[in-house]
Amino acid sequence: MKEKEIIIPMLEVSYSELNDRQRHLVDMAREATGRSYAPYSKFRVGAAIELDNGQIVTGSNQENAAFPSGTCAERTAAYYAHATYPDARFKTIAIAAVGTDGHEIPEPVAPCGACRQALLEYETLAHHNVEVILVGSRAIYVLPSVRSTLPLAFSEF
Ligand code: THU
């Protein structure tokens, strides 16, 4: 038997510690929460993806009365990005969320498992790490890759 440990590298930073590019992406993710359609959960999520062609694509969660038909912000943004710019590669994704009290959630928003798996596919396609910025009002986490958000990820590649 061998005991093993997986360590996830990440930085906890404040908004002012981000560089201009990261700050802009965080601003875009925050802005995208305003375009969320979340009449059921009232939890508004926004995502902004920077592509290597210089474009920034945003998405927000889009809910539906038939609950499972709704889509998270990250997948809205990722699928739109790849459907619109199939040759572009993802560079960075920022995610922000406004809670049911109408305020940004204090702790950095954690993407759901399905979104992590979906984003991992685009990181694999990119052949390089996709930086992940998780936004909260108390702190911001910066992770070096999607893979670091999903240890022991399923991968066919
Ligand atoms: N949601 C996201 O948009 N992203 C996540 O990673 C987690 C959850 C959405 C789905 C649903 O519309 C609402 O947040 C509450 O779960």
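One can find the structure itself at the top, above this paragraph.
Description of the structure in this document. Predicted, not measured: the structure shown is a model, and the values here were computed from it.

### A short note on the pattern of salt bridges
Applying the stated criterion across every chain yields a total of eight salt bridges. When the shortest N-O distance is used, the salt bridge between Glu-104 and Arg-30 registers 2.8 Å. Taken together, the positions of Glu-104 in the loop between strand E4 (90-98) and helix H3 (113-126) and Arg-30 in helix H1 (residues 20-32) put the pair 74 residues apart, joining distant regions of the chain. For Arg-30, a relative accessible area of 27% corresponds to the partly exposed category.

### Some words on empty space enclosed by the protein
Applying the stated criterion across every chain yields a total of one cavity of 30 Å³ or more. In this model, the largest cavity occupies a volume close to 40 Å³. In terms of lining residues, the largest cavity is bounded by Ile-93, Ile-95, Pro-111, Arg-116, Leu-119, Val-132, Val-146 and Thr-149. Secondary-structure elements contributing two or more residues to the lining of the largest cavity are E4 and H3.

### Here we look at the site of the ligand
Taken together, Ser-41, Phe-43, Val-45, Asn-61, Glu-63, Cys-72, Ala-73, Glu-74, Ala-110, Pro-111 and Cys-112 are the residues near the ligand. Within the side chain of Glu-74, one N or O atom sits 2.7 Å away from an oxygen atom of the ligand. In isolation the ligand offers 370 Å² of accessible surface; the protein chains occlude 75% of this area. Here the shell around the ligand is composed, by residue class, of seven nonpolar, two polar and two charged.

Thresholds, definitions, all that
- Residue indices begin from 1 for each chain and proceed along its sequence in written order.
- Side-chain atom pairs in this predicted model are given and counted only at pLDDT of 80 or more, local residue features only at pLDDT of at least 70, and totals for whole chains, interfaces and linings cover all residues.
- Hydrogens and water molecules were not included; the side-chain quantities draw on all heavy atoms of the structure.
- Salt bridge, as applied in this entry: a Lys or Arg side-chain nitrogen positioned within 4 Å of an Asp or Glu carboxyl oxygen.
- Helical segments are the DSSP runs of H or I of at least four residues, strand segments are the runs of E of at least two, and each set is numbered from the N terminus.
- Using a 1.4 Å probe on the protein chains alone, a residue whose accessible area is under 20% of its type maximum counts as buried, one over 50% counts as exposed, and one in between counts as partly exposed.
- Residues are said to line a cavity or pocket when one of their atoms sits within 4 Å of a point; the points come from a 1 Å grid over protein atoms alone, cavities being sets where a 1.4 Å probe fits but cannot get out and pockets being open sets with protein on both sides within 12 Å along at least five of seven lines.
- Grid points are joined across faces, edges and corners, and a volume is the space filled by probe spheres set on the points.
- Residue proximity to a molecule or strand is established when one non-hydrogen atom of the residue lies within 4 Å of it.
- Counting of polar contacts relies on pairs of N or O atoms within 3.5 Å, with two restrictions inside protein: one atom must be capable of donating a hydrogen and the other of accepting it, and residues adjacent in sequence are counted only when both atoms are side-chain atoms.
- Note on areas: Shrake-Rupley with a 1.4 Å probe; residue coverage comes only from the protein chains shown.
- We call Asp, Glu, Lys and Arg charged. Ala, Val, Leu, Ile, Met, Phe, Trp, Tyr, Cys and Pro are nonpolar, and the rest, Gly among them, are polar.

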